[in-house]
Amino acid sequence: MSPAAAKTTVVIATRNRAAELFRTLTELRALHPRPPIVLVDNASTDHTADVAASFPGVEVIRSPRNLGAAARNLGVATARTPYVAFSDDDSWWAGDALPEAERLLDAHPRLGLIAGRTLVGAAQRDDPVNELMATSPLGHPPHLPGPLVLGFLACAAIVRKEAYLRAAGFSSLLHFGAEERLLSLDLAADGWHLCYVPQVRAHHHPSTRRPPRPWRRRIEQRNNALIVWMRRPLRRCVTETGALLYRAARDPGTLLAVAGLLRRLPRALAQRRRLPPEVEHGARTLELLHERK
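Residues numbered from 1 in each chain as written. Predicted model: local features only at pLDDT ≥ 70, side-chain atom pairs only at ≥ 80, totals over all residues. Heavy atoms only, no water.

1. Brief notes about the layout of surface pockets
Piece 1. Roughly 300 Å³ of volume is contained in the second largest pocket.
Piece 2. Forming the boundary of the second largest pocket are 15 residues, of which Leu-148, Leu-150, Ala-188, Glu-278 and Val-279 lie nearest the centre.
Piece 3. Element by element, the count of residues in the lining of the second largest pocket is highest for helix 11 (residues 277-292), at four residues.
Piece 4. Looking at the lining of the second largest pocket residue by residue, the class counts come to ten nonpolar, four polar and one charged. (1 Å grid on protein atoms, 1.4 Å probe; cavity = no way out; pocket = protein on both sides within 12 Å on 5 of 7 lines; lining within 4 Å. Points joined across faces, edges and corners; volume = space filled by probe spheres on them. Helix = DSSP H or I, 4+ residues; strand = E, 2+ residues; numbered from the N terminus. Nonpolar A, V, L, I, M, F, W, Y, C, P; charged D, E, K, R; others polar.)

Here is the structure:
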């Protein structure tokens with residue numbers, strides 16, 4: 001790899017958003033140095049394949065079925081660079097973001113993931129997640145480039161490929177929703193640092209083709225409960241599931257989340273492994289902060 005070559009591959013998982021994808025690929029192809037781009041088509045039924053084919057040099061993987069967030073795993077496995085940046089089909093990276101991330105990852109060999117600053121829409125508004133990460137109660141060790149976090153937005157994350165593969169990437173069990181939370185825990189459990197670095201910026205122009213908000217809330221409720229059963233102490237599992245059942249008694253939508261949890265629980269338990277004490281402490285610290293707000 002020449003000194004001027006990009007060290008980061010951009011991986012995009014997309015489904016049925018051909019119009020948004022065209023703009024995203026246009027923006028990413030304008031970056032310098034131009035990063036390799038791997039596009040995973042999650043069984044689209046629109047003209048996504050035609051859009052991808054119109055961009056020379058974009059490597060396309062066509063999945064015969066919708067793999068959800070785990071489709072990114074196919075892209076990461078294909079990448080031939082040490083770092084991987086995720087974009088959604090409605091997001092892209094600022095011009096200086098990837099070189100800055102590469103510099104920081106080179107300088108900090110135990111830095112497994114950089115959570116960047118997400119700027120939303122033409123007005124470039126800060127996503128609310130930015131403030132949560134900037135004020136993380138997990139602290140900012142002086143030898144790291146930003147506050148420690150146990151969460152991120154996938155469309156503004158750059159990972160060390162080695163760390164991602166060791167953590168087994170995004171979970172196919174979750175499919176979609178809260179997938180970043182589980183990967184964060186697994187990266188930290190494997191000894192990697194995750195930091196929020198605001199000078200690494202991503203632009204997000206949210207697509208209008210989005211699942212309904214009640215559906216997203218139900219999926220996130222289900223997946224958050226699954227993550228607890230997969231990684232957290234049993235007392236926390238009981239508390240989380242009890243709270244979900246309490247809400248389900250009053251909300252039919254939450255009842256569907258419970259049904260989804262029960263269907264997937266045997267597979268979740270087969271993948272259960274407790275977090276190291278220091279990572280569990282961090283996860284509980286974040287929960288207590290959320291509960292106080």
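2. A closer look at the pattern of salt bridges
Piece 1. A complete count under the given rule lists 20 salt bridges for this structure.
Piece 2. The shortest N-O distance in the salt bridge between Asp-90 and Arg-17 comes to 3.4 Å. Residue Asp-90 is located in the loop between strand 4 (83-87) and strand 5 (91-93), and its partner Arg-17 is located in the loop between strand 1 (8-14) and helix 1 (18-29); the two are separated by 73 residues in the primary sequence. The two residues Asp-90 and Arg-17 agree in class, both being buried.
Piece 3. A salt bridge links Arg-236 to Glu-240; the shortest N-O distance between them is 3.5 Å. Note that Arg-236 and Glu-240 are positioned in helix 9 (residues 234-248) at a spacing of four residues, about one turn of the helix. The exposure classification of Arg-236 matches that of Glu-240, with both residues buried.
Piece 4. Overlapping salt bridges bring together Arg-181, Arg-232, Arg-236, Glu-240, Glu-280, Arg-284 and Glu-287 as one network. (Salt bridge = Lys/Arg side-chain N within 4 Å of Asp/Glu carboxyl O. Buried < 20%, exposed > 50% of the residue type's maximum accessible area, 1.4 Å probe, protein only.)

3. Some words on the side chain of Thr-254
Piece 1. Relative to the helices and strands, Thr-254 is located in helix 10 (residues 252-270).
Piece 2. For Thr-254, the residues in contact, after removing those within four places along its chain, are Gln-221, Leu-244, Arg-247 and Ala-248. (Contact = heavy atoms within 4.5 Å.)

4. Here we look at the packing of helix 8 (residues 213-231) against helix 10
Piece 1. Two numbers describe how helix 8 lies on helix 10: the axes approach to 8 Å, and their chain directions differ by 30°. At the point where helix 8 passes helix 10, the crossing takes the right-handed sense. Residues Arg-218, Gln-221, Arg-222, Ala-225, Leu-226, Trp-229 and Met-230 of helix 8 pack against Gly-253, Thr-254, Leu-256, Ala-257, Gly-260, Leu-261, Arg-264, Leu-265, Ala-268 and Leu-269 of helix 10.
Piece 2. Residues belonging to the contact of helix 8 with helix 10 are distributed by class as follows: ten nonpolar, four polar and three charged. (Axes fitted to C-alpha atoms, helices over the stretch in contact; angles between N-to-C directions. Left-handed = near helix turned anticlockwise from the far one by under 90°.)

5. Things to note about helix 11
Piece 1. For helix 11, with 16 residues, the first-to-last C-alpha span of 22 Å sits near the 22 Å given by 1.5 Å per residue.
Piece 2. Here helix 11 has its buried residues at Val-279, Glu-280, Gly-282, Ala-283 and Glu-287. Seen along its axis, helix 11 keeps its buried residues to an arc of 160°; they face one direction. Exposed positions of helix 11 whose direction lies more than 90 degrees from the buried face are Pro-277, Glu-278, His-281 and Arg-292.
Piece 3. For helix 11, the elements touching its buried residues are helix 7 (179-189) and helix 9. (Expected span 1.5 Å × (residues − 1). Arc of directions from axis to C-beta.)

6. As for empty space enclosed by the protein
Piece 1. For the structure shown, the criterion picks out one cavity of 30 Å³ or more.
Piece 2. Taken as a whole, the largest cavity encloses approximately 60 Å³ of empty space.
Piece 3. Every residue lining the largest cavity is listed: Ala-6, Thr-8, Leu-31, His-32, Pro-33, Pro-35, Ala-94, Gly-95, Leu-98, Pro-99 and Glu-102.
Piece 4. Counting residues per element, the lining of the largest cavity draws most heavily on helix 4 (residues 97-107), at three residues.

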